[in-house]
Amino acid sequence: MKLPPSLAGACSRFWSWLISPSLLFASAMLSFPAFLFQKKLVVLAVEALIFFLLALSRRGKLRLLPSILMIAGITFFALFSPHGQVLVRWGRFSVTAGALEAGLSRGLTLAGMVFLSQLALSPQLHLPGKLGSFVVDMFTLLDKLTKERLVFSKEKKRARIKELMSTLDAHLYQVYWNEGQEDAVQDRAQATEVQQTEGKITMQGIVAASLFSGILYVLLFV
């Protein structure tokens, strides 16, 4: 899913004004336990949806289909451990309320954690020390690896396997050696510039971070 360029630009400027990348990262990390231990399925689904919308508005582009497939897959395999009230029965296979709720809960939790990570992490994030530089470089290269889709030709099975390995190898080589090193240096310089100009901790950033984490913890105990 991709936002229109004008809307994506407006959202980017809003996030730059609202909160610094480091403060958003800290708030998201503090919010992880509140989301992870949420037991109400409806609240969990709403929170995961909000995380997705926030991450989409901040990044401008986000893939939703892999998360939907992940939730569906986890829910499907959870149905093979039936417990609770039987909702539907097909021969020996039965769909129970307990298994369905458990599968959806696990899938939504995992998807929500992915969305929250995508919200918190960006190339503009500046973390101190060698560990911080490593995290920034890692996610910068990860973004580059997932920007473009790999295209494969329709060949026989063995040929497709060989092509898959060679294409992945060439893509990794191109990103790391041809683009990775220069772009990583450039992104770190841009991150430092962003931190100096827009990365200051402001009152609206503190309020936004407090509300974000506070609401999640309130929903956890309500």
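These numbers were taken from a predicted model, which means no experiment stands behind them.

Q: Explain the overall build of the protein chain here, please?
A: Within the protein chain one finds 8 helices and 2 strands. Ordered by position from the N terminus, the helices and strands of the protein chain form the series α-α-α-α-β-β-α-α-α-α. A total of 222 residues make up the protein chain; the buried ones form 34% of that total. For the protein chain, the accessible area works out to roughly 14300 Å², and carbon and sulfur atoms hold 67% of it.

Q: Before we go on, may I ask you to explain the environment of Val 114 in this structure?
A: Assignment of secondary structure puts Val 114 in helix 5 (residues 97-120). In sequence terms Val 114 and Phe 52 are 62 residues apart; their C-alpha atoms lie 8.8 Å from each other.

Q: Would you mind showing me how to read the confidence of the model for the protein chain here?
A: Low pLDDT means the predicted atomic positions in that stretch should not be read closely. A residue-level look at the protein chain finds 70% of positions with pLDDT of 70 or above and a mean pLDDT of 80. Of all helices and strands in the protein chain, the one with the weakest mean pLDDT is helix 7 (residues 157-197) (55), whereas helix 3 (residues 41-59) scores best (95). In the predicted structure, residues 193-198 sits below a pLDDT of 50 and forms 6 contacts with residues beyond four places in sequence or in another chain.

Q: Honestly, the nonpolar core in this entry has me stumped. Any pointers?
A: Soluble globular proteins: nonpolar side chains tend toward being buried together. Judged by nonpolar contacts, the single largest core of 32 residues is most densely connected at Ile 19, Phe 51, Leu 116 and Leu 119. Among the elements that line this core, the one with the most residues is helix 2 (residues 21-36), at 7 residues. Once you skip the residues sitting within four places of it in the chain, Leu 119 turns out to touch Trp 15, Leu 24, Leu 54, Ala 55, Arg 58 and Phe 212.

Q: Explanation requested: the packing of helix 2 against helix 5 in the structure shown.
A: One can describe the packing of helix 2 onto helix 5 by two numbers: an axis separation of 9 Å at closest approach and a directional angle of 170°. Considering their axes alone, helix 2 and helix 5 lie roughly antiparallel with respect to each other. Residues Pro 21, Leu 24, Phe 25, Ala 28, Met 29, Phe 32, Phe 35 and Leu 36 of helix 2 form the contact with helix 5, whose participating residues are Leu 108, Thr 109, Gly 112, Met 113, Leu 116, Ser 117, Leu 119 and Ala 120. For the contact of helix 2 with helix 5, the per-class residue count stands at 13 nonpolar, 3 polar and no charged.

Q: Which parts of the structure should I look at to understand the packing of aromatic side chains?
A: Centre-to-centre distance and the angle between the planes together describe a pair of aromatic rings. Tallied over the entire structure, the rule returns 9 aromatic pairs. Where Phe 14 meets Trp 15, the ring centres are 6.5 Å apart and the plane angle is 70°; that geometry is what we call edge-to-face. Judged by relative accessible area, which is 10%, Trp 15 ranks as buried. Ring centres 5.2 Å apart and planes at 85° place the aromatic pair Phe 76 and Phe 80 in the edge-to-face group. What links up through ring pairs into an aromatic cluster is the set Phe 76, Phe 77, Phe 80 and Phe 93.

Q: How should the pairing of strand 2 (residues 93-96) be read in this particular structure?
A: A regular strand carries its side chains on alternate faces of the sheet. For strand 1 (residues 86-90) and strand 2, the ladder comprises 4 bridges, and the chain directions are antiparallel. Bridged to Arg 89 within strand 2 is Ser 94.

Q: It is not clear to me how the packing of helix 4 (residues 65-78) against helix 5 should be interpreted in this structure. Could you clarify?
A: Two quantities define a packed helix pair, namely the angle between the helix axes and the distance between the axes. Contact geometry of helix 4 with helix 5 gives a least axis separation of 8 Å together with a crossing angle of 150°. Taken together, the axis directions place helix 4 and helix 5 in an arrangement best described as roughly antiparallel. Considering the relative orientation of helix 4 and helix 5, their crossing is right-handed. Together, Ser 67, Met 70, Ile 71, Ile 74, Thr 75 and Ala 78 of helix 4 and Ala 99, Leu 100, Gly 103, Leu 104, Arg 106, Gly 107, Leu 108, Leu 110, Ala 111 and Phe 115 of helix 5 make up the contact between the two elements. Looking at the contact of helix 4 with helix 5, its residues break down into 11 nonpolar, 4 polar and 1 charged.

The rules behind each value
Residues numbered from 1 in each chain as written. Predicted model: local features only at pLDDT ≥ 70, side-chain atom pairs only at ≥ 80, totals over all residues. Heavy atoms only, no water. Helix = DSSP H or I, 4+ residues; strand = E, 2+ residues; numbered from the N terminus. Buried < 20%, exposed > 50% of the residue type's maximum accessible area, 1.4 Å probe, protein only. Areas by Shrake-Rupley, 256 points an atom, 1.4 Å probe, with all protein chains shown as cover. pLDDT = per-residue confidence, 0-100. Contact = heavy atoms within 4.5 Å. Core = buried A, V, L, I, M, F, W, Y, C linked by side-chain atoms within 4.5 Å. Axes fitted to C-alpha atoms, helices over the stretch in contact; angles between N-to-C directions. Parallel < 35°, antiparallel > 145°, perpendicular 65-115°, else oblique. Nonpolar A, V, L, I, M, F, W, Y, C, P; charged D, E, K, R; others polar. Phe/Tyr/Trp six-rings, centres within 6.5 Å; stacked < 30°, edge-to-face > 60°. Pairing = 2+ DSSP bridges. Left-handed = near helix turned anticlockwise from the far one by under 90°.

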